[in-house]
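Remarks on the overall topology
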Amino acid sequence: MQKTDLKTKKLDNISIWLSGFCVIHCLALPVITIGIPLFGEFFDRHYHAIMLFLIIPISVVALSRGFHNHRKILISGLGCFGVVMILIGGTIIHNQYSALTDSLITISGSVILALAHFLNNRTDHHHSVSCK
């Protein structure tokens, strides 16, 4: 496996974990917020900004490297769609609509993005193995 393939695989794995953290956040935060209102509101406001700051650049780099290796636009397009859903859910929807709507959009985007990174990871791995 090439060195760039290992980097891409690591970035995909990080992105999958970050997407999973988004899902956990969206499912657990409402319960935590009910129990600890002040902490929940502070954490909720900053969590989205921090996660967007991490998810977007890592995903863009991983999906770009993967596309460079396997040339499958569908995987990169799926990832971009997931990123856009997370971005919209974490900003516009989060500020203007209900928490349920925010969670549904953000969780859907996270699952789509994780799927894209999974496919990117698998396709890169199969591509590099089959080329040898």
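Residues numbered from 1 in each chain as written. Predicted model: local features only at pLDDT ≥ 70, side-chain atom pairs only at ≥ 80, totals over all residues. Heavy atoms only, no water.

Some words on the packing of aromatic side chains
Scanning all chains against the criterion turns up 1 aromatic pair. Ring geometry for Trp 17 against Phe 21: centres 6.3 Å apart, planes inclined by 40°, an arrangement best described as tilted. Of this pair, Trp 17 and Phe 21 both sit in helix α1 (residues 3–35), separated by 4 residues, roughly a single helical turn. Residue Trp 17 is classed as exposed on the basis of its relative accessible area, which comes to 59%. (Phe/Tyr/Trp six-rings, centres within 6.5 Å; stacked < 30°, edge-to-face > 60°. Helix = DSSP H or I, 4+ residues; strand = E, 2+ residues; numbered from the N terminus. Buried < 20%, exposed > 50% of the residue type's maximum accessible area, 1.4 Å probe, protein only.)

Structural notes on a nonpolar patch on the surface
A surface patch of nonpolar side chains, about 360 Å² in accessible area, is lined by Val 84, Ile 88, Ile 92 and Tyr 97. Mapped onto the elements, Val 84 comes out in helix α3 (residues 73–96). (Patch = residues over 30% accessible without salt bridge, like charges linked within 9 Å, V, L, I, M, F, W, Y side chains within 5 Å. Areas by Shrake-Rupley, 256 points an atom, 1.4 Å probe, with all protein chains shown as cover. Salt bridge = Lys/Arg side-chain N within 4 Å of Asp/Glu carboxyl O.)

Observations regarding the confidence of the model for the protein chain
Model confidence for the protein chain is summarised by a mean pLDDT of 83, while 80% of its residues fall at 70 or above. Confidence, expressed as mean pLDDT per element, reaches its minimum in the protein chain at helix α2 (residues 37–70) with 80 and its maximum at α3 with 92. (pLDDT = per-residue confidence, 0-100.)

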